[in-house]
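# Reading the structure
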Number of protein chains: 2
Amino acid sequence: MTPPSLDELERGVLAGDRTLLARAITLVESTRLQDRDEAQELLARIAPKTGGSTRIAISGSPGVGKSTFIEAFGCMLCEAGRRVAVLAVDPASVRGLGSILGDKSRMQELAQHERAYIRPSPSAPTFRGVGRRTRESVLLCEAAGFDVVIVETVGVGQSETMVDDMVDFFLLLMQPGAGDELQGIKRGVLEIADAVVVNKADGELLPFARDAQQQYLAALKYRARKHDGWTPPALLASARERSGLDEVWKSIEAHRNAVDIARRRGDQLVQWWREEIEESIRERFWSKQAVQAETAGLERAVRENRIPPTQAARRLLDL
Amino acid sequence: MTPPSLDELERGVLAGDRTLLARAITLVESTRLQDRDEAQELLARIAPKTGGSTRIAISGSPGVGKSTFIEAFGCMLCEAGRRVAVLAVDPASVRGLGSILGDKSRMQELAQHERAYIRPSPSAPTFRGVGRRTRESVLLCEAAGFDVVIVETVGVGQSETMVDDMVDFFLLLMQPGAGDELQGIKRGVLEIADAVVVNKADGELLPFARDAQQQYLAALKYRARKHDGWTPPALLASARERSGLDEVWKSIEAHRNAVDIARRRGDQLVQWWREEIEESIRERFWSKQAVQAETAGLERAVRENRIPPTQAARRLLDL
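All of the points below concern the structure found in this document. (Residues numbered from 1 in each chain as written. Chains lettered and ligands numbered in written order. Predicted model: local features only at pLDDT ≥ 70, side-chain atom pairs only at ≥ 80, totals over all residues. Heavy atoms only, no water.)

### A look at the interface of chain A and chain B
Interfaces are often sized by the accessible area lost when the parts come together. Across the boundary between the two partners, chain A contributes 43 residues, which contact 42 residues of chain B. Where chain A abuts chain B, roughly 4,100 Å² becomes buried across the two surfaces, and 64% of that area is made up of carbon and sulfur atoms. In this assembly, chain A and chain B are joined by ten salt bridges. Along the contact surface separating chain A from chain B lie 14 residue pairs in polar contact (both at pLDDT 80 or more). For the side of chain A that touches chain B, the elements supplying multiple residues, two or more each, are α3 (33–46), α9 (187–192), α12 (261–287), α13 (289–303) and α14 (309–317) of chain A. Here the side of chain A that touches chain B takes 17 residues from α12(A), the largest share from any one element. Its residues assigned to classes, the side of chain A that touches chain B comprises 18 nonpolar, nine polar and 16 charged. (Contact = heavy atoms within 4.5 Å. Buried area = accessible area lost by both parts, 1.4 Å probe. Salt bridge = Lys/Arg side-chain N within 4 Å of Asp/Glu carboxyl O. Polar contact = N/O pair within 3.5 Å; in protein donor to acceptor, adjacent residues only side chain to side chain. Helix = DSSP H or I, 4+ residues; strand = E, 2+ residues; numbered from the N terminus. Nonpolar A, V, L, I, M, F, W, Y, C, P; charged D, E, K, R; others polar.)

### Let's talk about unusual backbone geometry
All names here are of chain A. One non-glycine residue with positive phi stands out, namely Lys 200, at about 65°. Positionally, Lys 200 belongs in the loop between β6 (195–198) and α10 (206–222). Unlike most non-glycine residues, Arg 242 shows phi in positive territory, near 55°. Inspection of the secondary structure assignment puts Arg 242 in the loop between β7 (234–236) and α11 (245–258). Its relative accessible area of 38% is what places Arg 242 among the partly exposed residues. (Buried < 20%, exposed > 50% of the residue type's maximum accessible area, 1.4 Å probe, protein only.)

### Observations regarding the sheet that holds strand β2 (residues 84–89) of chain A
All names here are of chain A. Ordered by their spatial adjacency, seven strands build an open sheet running β3-β2-β4-β1-β5-β6-β7, and the pairing between neighbours is parallel. Since the sheet does not close on itself, it has two edges, and those belong to β3 (116–118) and β7, each with one partner. Direction aside, neighbouring strands of the sheet carry axes that sit 25° apart on average. As judged from the three bridges shared by β6 and β7, these two strands associate in the parallel manner. Paired with Val 198 across the bridge in β7 is Leu 236. (Pairing = 2+ DSSP bridges. Axes fitted to C-alpha atoms, helices over the stretch in contact; angles between N-to-C directions.)

### Side note on the pairing of strand β2 (residues 84–89) of chain B
Residue and element names in this part refer to chain B. Within β2, six of the six residues are buried, which leaves it mostly tucked inside the rest of the structure. Of the two faces of β2, the one lined by Val 84, Val 86 and Ala 88 and the one lined by Ala 85, Leu 87 and Val 89 are each fully buried. Two elements, β2 and strand β3 (residues 116–118), share three bridges in a ladder whose sense is parallel. Considered in β3, the bridge of Val 84 is made with Ala 116. Summarising the sheet, β2 and strand β4 (residues 148–154) pair through six bridges and their orientation is parallel. The residue bridging Ala 88 from the neighbouring strand is Glu 152, located in β4.

### Quick look at the pattern of salt bridges
Inspection of the entire model under this criterion finds 48 salt bridges over all chains. The partner of Arg55(B) in a salt bridge is Glu142(B), and the shortest N-O contact between them spans 2.7 Å. Residue Arg55(B) is found in strand β1 (residues 54–60), and its partner Glu142(B) is found in helix α7 (residues 127–143); the two are separated by 87 residues along the sequence. The same class applies to Arg55(B) and to Glu142(B), which are both buried. Here Glu109(B) makes a salt bridge to Arg242(B), at a shortest N to O gap of 3.1 Å. A residue pair is termed long-range when its members are at least 10 positions apart, and Glu109(B) in helix α6 (residues 108–111) and Arg242(B) in the loop between β7 (234–236) and α11 (245–258) qualify at 133 residues. One network of salt bridges, with partners in common, ties together Asp7(A), Glu10(A), Glu41(A) and Arg45(A).

### A short note on the packing of aromatic side chains
One pass over the structure, following the stated rule, counts twelve aromatic pairs over all chains. Look at Trp273(A) and Trp286(B): their rings are 6.1 Å apart centre to centre, the planes differ by 75°, and that puts the pair in the edge-to-face class. Linking Trp273(A) in helix α12 with Trp286(B) in helix α12 (residues 261–287), this pair reaches from one chain into another. Taken individually, Trp273(A) and Trp286(B) each receive the classification buried, so the pair is uniform in this respect. Cluster of aromatic residues (ring-pair linked, three or more members): Phe69(A), Phe73(A) and Trp249(A). One Lys or Arg, Arg83(B), reaches over the ring of Phe146(B) and ends 4.3 Å from the middle of that ring. (Phe/Tyr/Trp six-rings, centres within 6.5 Å; stacked < 30°, edge-to-face > 60°. Lys NZ or Arg CZ within 6 Å of the ring centre and 35° of its normal.)

### Remarks on the packing of helix α1 (residues 6–14) of chain A against helix α2 (residues 18–29) of chain A
All names here are of chain A. Running from N to C, α1 and α2 cross one another at 125°; their axes reach a closest spacing of 8 Å. Classed by the angle they form, the pair α1 and α2 counts as oblique. Judged by the twist between their axes, the crossing of α1 over α2 is left-handed. Mapping the contact onto sequence places Glu 8, Leu 9, Gly 12 and Val 13 in α1 and Leu 20, Leu 21, Arg 23, Ala 24 and Leu 27 in α2. (Parallel < 35°, antiparallel > 145°, perpendicular 65-115°, else oblique. Left-handed = near helix turned anticlockwise from the far one by under 90°.)

See below:
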């Protein structure tokens with residue numbers, strides 16, 4: 001299979017061709033230097049056609065029913081005429097905990113929908129890499145005409161903050177449960193949530209879901225405000241019964257009207273730009289010949305406490 | 001008050017003079033460039049006298065009785081003839097959640113002990129700054145003859161990992177409680193703990209403390225091993241009744257014998273060195289005249305999506 005040319009990729013993505021979109025995402029996921037250059041060229045070309053989607057992060061621990069929820073939510077949006085792309089940020093795969101989107105049998109109904117596109121999780125060599133690629137994949141999906149892009153993330157480590165930096169709306173999915181629900185949320189995650197949705201609010205679990213909802217509402221009230229003009233709601237939903245999903249979408253729309261999304265995206269772009277620069281200057285520094293010649297010896301001296309770290313740092317910096 | 005000279009500081013620290021130690025720590029905490037140079041000179045001079053302490057992190061959420069525990073534990077060590085310094089890493093103060101060591105009335109008994117030194121929490125402008133200063137303060141305390149240095153941290157954000165990178169032993173303090181105790185621990189924190197200590201194991205709470213102990217033991221068994229040769233214990237203690245504290249110390253001593261502390265410290269030094277370098281190259285880059293001349297304009301163009309972040313990054317990097 002010869003790889004498609006840049007022109008073919010550009011045309012294919014802009015025409016909403018899912019096969020070529022998949023190839024384009026594979027290109028931005030590539031770590032080969034030559035591919036990186038091509039990817040940048042492709043992204044520059046499609047740039048005018050980006051920015052048109054509602055970008056939503058859906059985060060939640062394993063077991064809360066994240067993929068069932070995304071399937072039900074995505075199908076509802078597709079049936080309302082929207083085009084929905086689902087991308088996964090999966091730092092878990094880095095840690096060997098298994099991939100969240102690796103299982104192709106997930107979200108079968110949504111995957112078969114003609115207005116949906118589901119991208120399996122990349123097997124990422126680095127955490128930073130995941131961030132850049134996902135941001136770029138969001139842009140490709142937008143250029144391909146998807147007007148809702150869902151970034152799925154499992155609640156591990158730094159991933160939530162990173163994902164929050166690339167979406168308009170951060171949805172934290174929880175499930176009903178006995179005991180102090182709040183114990184289960186990492187402090188930082190509640191702080192970035194634009195809404196908490198208690199899934200599995202059906203049947204025998206409904207009263208427990210209502211209890212959980214009350215607790216989250218109270219917790220959300222006391223946390224520091226993320227954006228002016230928006231108080232995050234705690235909602236009930238059932239992916240199984242497909243109930244409450246419309247309210248979730250309405251909340252996302254209300255948020256769009258209440259919050260300065262353009263400003264949020266501007267901040268995100270600036271942050272992305274700064275990260276790109278700082279990553280590059282780090283790479284450049286460590287790959288300099290003079291630095292590489294000294295690194296091993298200095299590292300040994302530092303390790304053996306023969307030279308203080310700060311002094312050793314200065315020596316390398318003065319090269 | 002004229003500031004003490006470098007010679008006075010050096011002599012004072014090495015003589016274990018607590019007033020001059022405090023001045024020296026103030027010097028390393030200073031962000032003034034001139035002070036930074038002096039601080040580096042002082043640290044280079046005292047370097048041969050450092051490394052002689054057992055470095056212990058004590059971490060736990062507000063309410064678990066951290067300061068009462070540190071007071072009881074520190075007093076026990078002082079009474080056994082040891083010299084104990086307590087430093088605080090307090091990212092909470094950055095976030096405006098209140099300082100953990102700001103309250104001078106804390107640990108009054110320990111503070112009055114002639115073999116103890118308690119350093120109130122610095123009001124840190126940046127999180128990174130806290131890390132560097134605390135590492136340097138540990139070295140000053142060692143040069144001043146303290147043979148146990150306790151770094152206290154409240155369980156927020158990245159602070160645990162950062163503190164783990166500067167100590168020999170990471171002690172996670174918990175309290176007995178109903179329900180699923182493990183919900184309350186952030187995943188990453190259990191992974192770095194060298195011991196979990198259930199405080200308040202006295203009176204009516206004793207059976208609950210025993211339950212919690214069993215749960216932590218089970219959880220610690222399944223987590224990834226931090227060091228070869230050490231299985232973290234879950235211990236019971238009561239700061240109020242001053243019981244179990246000796247077992248905690250014995251566990252720390254057993255860990256010293258079981259684990260290659262020199263290697264761990266070597267790794268920490270290398271990491272510190274790398275962080276120093278990367279922070280410096282970042283600072284140097286952003287303070288370059290050509291960069292500063294372009295930054296504002298480019299940032300505006302990026303923010304307004306007139307130029308893709310990666311392209312804007314290259315433009316700045318090519319200067």
